[in-house]
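So you can see what is in the structure, the chains are spelled out below.
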Amino acid sequence: MKEVARKARARGRKIGFVPTMGALHEGHMSLVRRVKELCEVTVVSIFVNPLQFGPGEDLERYPRTLSADVDACIAEGVDYVFAPSAEEMEPAGAETRVELPALGSRLEGRSRPGHFTGVATVVLKLLNIVQPHMAAFGQKDAQQCAVVRRLAADLMLDVELLVLPIVRDEHGLALSSRNRWLTEQDRERARLIPRALEAGREVARDGGRQPQAVIDAARAVLEEEPGLEIDYVELVDAESFESVEQLAGEMLLLVAVRLGDIRLIDNTVIRL
Ligand code: AMP
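Please read these numbers as outputs of a predicted model, since none were measured by experiment.

Within strand β7 (residues 250–259), 8 of the 10 residues are buried, which leaves the element mostly enclosed by the surrounding structure. One ladder, built from 9 bridges, connects strand β6 (residues 228–237) with β7; its direction is antiparallel. In the sheet register, Leu235 faces β7, and the bridge partner there is Leu253. Pairing geometry for β7 and strand β8 (residues 262–271), over 10 bridges, is antiparallel. What sits directly across from Leu252, in β8, is Val269. Remark: 2 residues form the turn of the hairpin made by β7 and β8, two consecutive strands paired antiparallel; Gly260 in that turn has positive phi of roughly 60°.

Here you go:
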């Protein structure tokens, strides 16, 4: 992959990169399409990164559908699929970690200790291997986008980052590789997530309210369904991910829930 990247760069071709964990869906493909519009060489990585899974999380059963993923990439006109093994990405003796002590320990980082150290470490490795001019990420994983932005700025990386909108199904449910495990009933329950975000947005739009009122409105929708366990509902500053004191500027309303043993996240931007 490094050789391919070196040659493409030597020819002056612009490399666009979409890092994924595979089990590709329309959310991933929206990133691929945008990168293809902007770059001459498109690279998709497929790597289920063990470093970003905690003990007891779903690393072993995370869906692995490499040959279907490669077919989907070919159909979309992707130039290279980079699908390394865990041993190639983290050979015996490797120990360097990229840590974001503040941003990486809030929200998802609080629920999943070590998660963003795993994400940041592997994203940096992937960027070093693929050497892209541009890399695309989905707003679906909003905190991951903030982590990668922070990482790129702090370590002075020479890559342009694109953050693209969340792709949803016809009921508003954000597409996710984990959705395939939802039972029909849980899929219906999960539709409350986008409804909760919308309820929060409405309260924010009304104006003159406290941040807690936005959170309460979203929580109230989720609490309609006892089968849906709330991990967190938070309203944060879009850059720092710190809780906001007042409704102003660019904020994110973020939700994480559990349906049985499946954990889903979603978010919406609120700009006032
Ligand atoms: P993943 O394979 O889940 O690690 O996701 C790979 C990339 O696709 C990440 O940048 C995600 O944010 C993005 N992505 C995943 N689901 C969606 C979605 N529903 N809409 C837009 N982007 C997504």
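Our focus in this paragraph is the packing of helix α9 (residues 192–206) against helix α10 (residues 211–222). The contact between α9 and α10 brings their axes to 8 Å, and the two run at 150°. Of the possible angle classes, the one that applies to α9 and α10 is roughly antiparallel. In this structure, α9 meets α10 at a crossing whose hand is right-handed. Together, Leu192, Ile193, Arg195, Ala196, Ala199, Gly200, Val203 and Ala204 of α9 and Ala213, Val214, Ala217, Ala218, Val221 and Leu222 of α10 make up the contact between the two elements. Residues belonging to the contact of α9 with α10 are distributed by class as follows: 12 nonpolar, 1 polar and 1 charged.

Turning our eyes to something else, we now look at the site of the ligand. The ligand sits among 17 residues. The nearest are Met21, His28, Asp141, Val167 and Leu175. At 2.9 Å, a backbone N or O of Gly138 approaches an oxygen atom of the ligand. Protein chains bury 93% of the 480 Å² of accessible surface belonging to the ligand in isolation. Elements with a contribution of two residues or more to the shell around the ligand: β1 (15–20), α2 (26–38) and β4 (134–138). With 3 residues, α2 is the single largest residue contributor to the shell around the ligand. In terms of residue class, the shell around the ligand is made up of 9 nonpolar, 6 polar and 2 charged.

What follows is about the sheet that holds β7. Strand order in the open sheet formed by 3 strands is β6-β7-β8, with antiparallel pairing between adjacent strands. At either margin of the open sheet sits one strand with a lone partner, and together these are β6 and β8. Neighbour-to-neighbour, the strand axes of this sheet turn through a mean angle of 15°, independent of strand direction. Strand contacts of α10: β6, β7 and β8, with the helix running at about 160° to β6, the strand carrying the most contacts.

Let us look at the nonpolar core. The biggest cluster of nonpolar side chains holds 40 residues, and the ones touching the most others in it are Phe241 and Leu254. Breaking this core down by element, the ones donating at least two residues are α1 (2–10), β1, β2 (41–46), α6 (115–130), β4, α7 (142–154), β6 and β7. Each residue touching Leu254, except ones within four places of it in the same chain, is listed here: Leu107, Ala142, Tyr232, Val233, Glu234, Val236, Phe241, Asp266 and Asn267. Membership of the second largest hydrophobic core comes to 31 residues, among which are Leu182, Leu192, Ala204 and Leu235.

What follows concerns the sheet that holds β2. The pairing of strands in a sheet comes from backbone hydrogen bonds and takes either a parallel or an antiparallel form. Pairing within the open sheet is parallel, and its 5 strands lie in the order β3-β2-β1-β4-β5. Both outer strands of the open sheet, β3 (80–82) and β5 (160–164), are each paired with one neighbouring strand and no more. The sheet shows a mean angle of 25° between the axes of neighbouring strands, taken without regard to direction. In this sheet, β4 lies alongside β1 in parallel orientation, the contact comprising 2 bridges. Within β4, the position partnered with Gly16 by the bridge is Met134.

Reading the values: the criteria
- Residues numbered from 1 in each chain as written.
- Predicted model: local features only at pLDDT ≥ 70, side-chain atom pairs only at ≥ 80, totals over all residues.
- Heavy atoms only, no water.
- Buried < 20%, exposed > 50% of the residue type's maximum accessible area, 1.4 Å probe, protein only.
- Helix = DSSP H or I, 4+ residues; strand = E, 2+ residues; numbered from the N terminus.
- Pairing = 2+ DSSP bridges.
- Axes fitted to C-alpha atoms, helices over the stretch in contact; angles between N-to-C directions.
- Parallel < 35°, antiparallel > 145°, perpendicular 65-115°, else oblique.
- Left-handed = near helix turned anticlockwise from the far one by under 90°.
- Contact = heavy atoms within 4.5 Å.
- Nonpolar A, V, L, I, M, F, W, Y, C, P; charged D, E, K, R; others polar.
- Near = heavy atom within 4 Å.
- Polar contact = N/O pair within 3.5 Å; in protein donor to acceptor, adjacent residues only side chain to side chain.
- Areas by Shrake-Rupley, 256 points an atom, 1.4 Å probe, with all protein chains shown as cover.
- Core = buried A, V, L, I, M, F, W, Y, C linked by side-chain atoms within 4.5 Å.

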